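# Structural description and commentary
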Amino acid sequence: LSFHFYPGFATQVSLEEMVKLARKQAAKFGPMPIFLSEFWGETEQEMANIMAQAGDAGVDAVTYWHYLDRTYTGEPGWYIYNAETLAKGTPVDDDGNINWEAWGEYVKTVFDETFVGGDITGAAGGTCNVLGLLPAVAPTSPPQTKAKPFHRGRWGR
């Protein structure tokens, strides 16, 4: 059973409680492993700590799903904007506001099938150093983030 953990803005329980809830749901389907497939921390170290804590809490598998080579994308997410788009700015800002000039340039790349993703559903925030930061001993509980709640129909920040 795959489950997510976004403390502070989508998950209102501790990681330990979330693991219990995931186990309870998985039991409805019979013996089944649980898989922490998405989670968020404010820093790379917080994300590494959550991975370690999940393992200590008995989660069968954990994936750092937001792995990203920012050098390759040139962006903080799984997308690459062309020069014409970036000349107008970014299509969508962190608060979900649309820059219509940049959006118009981005839409052209969608129609000509040259686009490489877009930061329109919370795709920003990726990094590539999390696995190297896994602690030998996990902290006792993950911090509650100060992340913004979902708003204006936008996922993420």
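This report concerns the structure included in the present document. Nothing here was measured: the structure is a model prediction, and the numbers come from that model.

### Some thoughts on helix α2 (residues 44-56)
The terminal C-alpha atoms of α2 lie 19 Å apart, and with 13 residues this matches the ideal 18 Å at 1.5 Å per residue to within 8%. When we look at burial in α2, the residues that qualify are E46, M47, A48, N49, I50, M51, A52, Q53 and A54. Elements that come into contact with the buried residues of α2 comprise β1 (2-5), α1 (15-27), β2 (35-39) and β3 (61-62).

### Points about the environment of K20
If you trace the backbone, K20 turns up in helix α1. Look at K20 and you get exposed, because its relative accessible area is 55%. When the C-alpha positions of K20 and A57 are compared, they lie 9.1 Å apart, and in sequence the two are 37 residues distant.

### Brief notes about the pattern of salt bridges
In this structure the tally under the stated criterion is three salt bridges. A salt bridge links R23 to D60, with the shortest nitrogen-to-oxygen separation between them at 3.1 Å. With R23 in helix α1 and D60 in the loop between α2 and β3, this residue pair connects regions lying 37 residues apart in the sequence. Residue E101 is joined to K88 by a salt bridge in which the shortest nitrogen-to-oxygen separation is 3.9 Å.

### Some remarks on the environment of L21
Here L21 shows up in helix α1. Overall, L21 belongs to the partly exposed group, its relative accessible area being 37%. Each C-alpha atom of the pair L21 and F3 lies 9.5 Å from the other, and the pair is 18 residues apart in sequence.

How each quantity is defined
- Residues numbered from 1 in each chain as written.
- Predicted model: local features only at pLDDT ≥ 70, side-chain atom pairs only at ≥ 80, totals over all residues.
- Heavy atoms only, no water.
- Helix = DSSP H or I, 4+ residues; strand = E, 2+ residues; numbered from the N terminus.
- Expected span 1.5 Å × (residues − 1).
- Buried < 20%, exposed > 50% of the residue type's maximum accessible area, 1.4 Å probe, protein only.
- Contact = heavy atoms within 4.5 Å.
- Salt bridge = Lys/Arg side-chain N within 4 Å of Asp/Glu carboxyl O.

So far we have only geometry, and geometry alone does not tell us how the molecule works.
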